[in-house]
Amino acid sequence: MATFLYKLGRLAFRRRHFVALIWVALLTLAGVGAASAPTAGSSSFSIPGTEAQKAFDLLEQRFPGMSADGATARVVFKAPSGEKMADKDNKAAVEKTVKALGDGSEVTSVTDPFKAKAVSKDGSVAYASVKYKVSGMELQDSSKDALKEAAQDARASGLSVEVGGDALTATPETGSSEVIGIAIAAVVLVITFGSLIAAGLPLLTALIGVGIGVSTITALANALDLGTTTSTLAMMIGLAVGIDYALFIVSRYRAELAEGREREEAAGRAVGTAGSAVVFAGLTVVIALVGLSVVNIPMLTKMGVAAAGTVAIAVLIALTMIPALLGYAGRKVQPAGQKSKLLGGGRAAKKAGKPNMGTRWASFVVRRPLAVLLLGVVGLGAAALPASSLELGLPDDGSQPVSTTQRRAYDLLSDGFGPGFNGPLMVVVDAKASDDPKGAATEVSDKIKDLKGVVTVTPAAFNKDGDTATITVIPDSKPSSVKTEDLVHGIRDAGGDIKTDTDATVLVTGTTAMNIDFSQKLNDALVPYLALVVGLAFLLLIVVFRSILVPLKAALGFLLSVMAALGAVVAVFQWGWLSGLFGVEETGPIMSMMPIFMVGVVFGLAMDYEVFLVTRMREAYVHGEKPSQAIVTGFKHGARVVTAAAVIMIAVFSGFIGSSESMIKMIGFGLAIAVFFDAFLVRMAIVPAVLALLGKKAWWLPKWLDRALPNVDVEGEGLRALDARRKDEDDDRELARV
């Protein structure tokens, strides 16, 4: 591995014009594809194998004109204080609005509040339901504009009018904080390298990699049904790992220059050593992201594969474009320990012989390993405590900022009709095998009315063939509550008895039931996913470190990090601690995919630091140093760079906390805090403490396993052998001349 990458680095350095041209051409091609591709919206939502999805598919078959996946909108009207919606002027304004809403070419139906009895008991609130032929992501801008104009015209009559539903789904905005995150990353790089040129290389290559990845996703978004969240996630992860991977190679290049090597040779060795760590670190991230496909939820699979593709591009760019750009930079990239003319005049940055911060910290940990280990574990355990009260759900209009019309419509409906009105349940009665379909539907309605937590049960509505009926159930609790979830399970349990009595099948669907099934499926998949990802990465790390205990320690440290990060997410987004600081306007259940998503992404990122830091220790140990001294050596060369990489990654992820979409905001915060815990508490404190306690046992590997494992040569032994051969050849030539 090291020898191959060494040759690749030297080749890219020599053929830099060709390498740069290839990457620029790929960026241009992806950009043109993105610019010419149709705009994508939110990806379609399906959960194969769940009851809610089966009911949804059944509705598509039995009610062909229903457009079960069509967009919906609820236009909510509120009368001025002291007035009623039934007052002459208010009623006329609503009827005029209903007529305007029905004129759209994509509209299939509009309900009149007064005919549909959609007026609150106190008469102050009413709503009109609008159904469209196409989904929210396919809805034309003209239809959305018509919806907004109709609501605005109604406001002119003195009514308060808000619009809910998925018809006005907006593209999430990340805000200026994303730019601030990149700016912080730039500052950290300048401080780390003491050179503007050296600092600019990781930023430039990361932006090129993300540009290619995100542009490709955008170009394929419509064809592959990739939502806007997919590209945002790819950007988030691609920026973070792209900067980090380039940072490690540039740092190793400067270290090789400081040892007196020529620039081409230094580039080759940087790619051969640090590049090997980049390859394996990238592989762990890719495994974690692609592994999301085991959940069997198309949306999550697409997000994971797209982000994994962006990570793969970041690895390839780090291995090829970084050495090419180092060739262009020439002597403007100074050896380690020197600063550029702008920042230090080429002087040595430190006095010779003075140990750096990494050396001093590692020496302290080696002297007090047990105290550091206990302090780190107790601290992370305390941070993880809130995770014990984790509640899962999916965001709805109730979690939107109060400034949005969707949230205001949600609140008006809750006030006028009760909290459960925002999450109606659709019960589908498949009576095709029943002798008395209407009798079966009546029995279903009666059983549901007797259940606890039910406010309203509408009469059964049959299809043309009379073999399938739909019943709408309004709970007395909000969509994301535990009571609503219990009601869904109660209806499904009652359906078992009904099938025995009538041969009719009862299925529960609707957005609320879909969300409940989604959460349950993610929970069921968490343990198999964790076993798959951690198991594959464990095997990979055994090959890299040629040890059993080091990969085991890495996996256990990751579990501490992810649990502590989940605890922090619960504290902020569910409990409301410091919620104002992070712009969280509405607390509630944690997004259902957050645990499994954090397990995947955080594991991949955590292994980055494990590989970069511990390979240096492994390299020192293999070359003859004692275990305790190898720890200090690893920190001497790697701590500064790992610290910078972690700060950069935290800054990039934190930039997405400013997103207008709660899902992106939560992911940004969760990943940022997870990197903080993992880099500074686990990898920089717990890892060296455990290695110091284990001593030589840390690097133990059974002989039979050592013989069976492939030798990937991450430590650069092949390069040392190459040096030895070159020296022998030089000696032979010298003797020949004599």
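Structure: see above.
Residues numbered from 1 in each chain as written. Predicted model: local features only at pLDDT ≥ 70, side-chain atom pairs only at ≥ 80, totals over all residues. Heavy atoms only, no water.

Caption draft 1: Broad picture of the overall build of the protein chain. Along its length, the protein chain carries 22 helices and 11 strands. The buried share of the protein chain, taken over its 738 residues, is 55%. Put simply, 79% of the contacts in the protein chain that link residues at least 6 apart link residues at least 24 apart. As displayed, the protein chain offers around 31,700 Å² of accessible surface, 60% of which is attributable to carbon and sulfur atoms. (Helix = DSSP H or I, 4+ residues; strand = E, 2+ residues; numbered from the N terminus. Buried < 20%, exposed > 50% of the residue type's maximum accessible area, 1.4 Å probe, protein only. Contact = heavy atoms within 4.5 Å. Areas by Shrake-Rupley, 256 points an atom, 1.4 Å probe, with all protein chains shown as cover.)

Caption draft 2: Molecular detail of helix H3 (residues 51-62). A rise of 1.5 Å per residue sets the reference length of H3, with its 12 residues, at 16 Å; its end C-alpha atoms lie 16 Å apart and thus fit the reference within 8%. If you check which residues of H3 are buried, you get Ala52, Gln53, Ala55, Leu58, Leu59 and Arg62. Elements that come into contact with the buried residues of H3 comprise strand S6 (425-430), strand S9 (468-475), helix H15 (482-502), strand S10 (505-509) and helix H16 (511-545). (Expected span 1.5 Å × (residues − 1).)

Caption draft 3: Spatial organisation of the environment of Gly194. Position of Gly194 among the secondary structure elements: in the loop between helix H6 (177-193) and helix H7 (196-224). Judged by relative accessible area, Gly194 falls into the buried class, the value being 8%. Residues Gly194 and Gln334, 140 residues apart in the sequence, show an inter-C-alpha distance of 8.8 Å.

Caption draft 4: Representation of the packing of helix H9 (residues 263-290) against H16 in the model. Direction vectors running N to C along H9 and H16 enclose 165°, while the axes themselves pass 10 Å from each other. In terms of orientation, H9 lies roughly antiparallel with respect to H16. Seen along the crossing, H9 lies across H16 with a hand that is right-handed. In this structure, H9 contributes Phe280, Leu283, Thr284, Ile287 and Ala288 to the contact, and H16 contributes Tyr529, Val533, Leu536, Ala537, Leu540 and Val544. For the contact of H9 with H16, the class distribution of residues is 10 nonpolar, one polar and no charged. (Axes fitted to C-alpha atoms, helices over the stretch in contact; angles between N-to-C directions. Parallel < 35°, antiparallel > 145°, perpendicular 65-115°, else oblique. Left-handed = near helix turned anticlockwise from the far one by under 90°. Nonpolar A, V, L, I, M, F, W, Y, C, P; charged D, E, K, R; others polar.)

Caption draft 5: Examining the environment of Gln400 more closely. Along the chain, the position of Gln400 falls in the loop between strand S5 (392-393) and helix H13 (405-417). When its relative accessible area of 28% is taken as the criterion, Gln400 is described as partly exposed. As for Gln400 and Glu661, which are separated by 261 residues in sequence, their C-alpha atoms are 7.9 Å apart. Among all residues touching Gln400, those that are not within four sequence positions of it are Gln406 and Arg407.

Caption draft 6: Region of the structure containing a negative patch on the surface. On the surface, a cluster of negative charge is contributed by Asp141, Asp145, Glu149 and Asp153. By the element assignment, Asp141 lies in helix H5 (residues 141-155). (Patch = residues over 30% accessible without salt bridge, like charges linked within 9 Å, V, L, I, M, F, W, Y side chains within 5 Å. Salt bridge = Lys/Arg side-chain N within 4 Å of Asp/Glu carboxyl O. Lys, Arg positive; Asp, Glu negative; His and termini not counted. Charge placed at Lys NZ, Arg CZ, Asp CG, Glu CD.)

Caption draft 7: Fine view of the pattern of salt bridges. By the definition in use, this model includes 18 salt bridges. For Glu51, the salt bridge is made with Arg492, and the minimal N-O distance between the two is 3.0 Å. Residue Glu51 is located in helix H3, and its partner Arg492 is located in helix H15; the two are separated by 441 residues in the primary sequence.

Caption draft 8: Highlighting the nonpolar core. If you look at the biggest cluster of nonpolar residues, it comprises 189 residues, and the most contacted ones within it are Tyr245, Ile249, Tyr253, Val427, Met598 and Phe653. Broken down by element, the residue count for this core peaks at 19 residues, all from helix H20 (residues 662-694). In this structure, Phe77, Val94, Leu159 and Leu168 belong to the second largest nonpolar core, which totals 25 residues. (Core = buried A, V, L, I, M, F, W, Y, C linked by side-chain atoms within 4.5 Å.)

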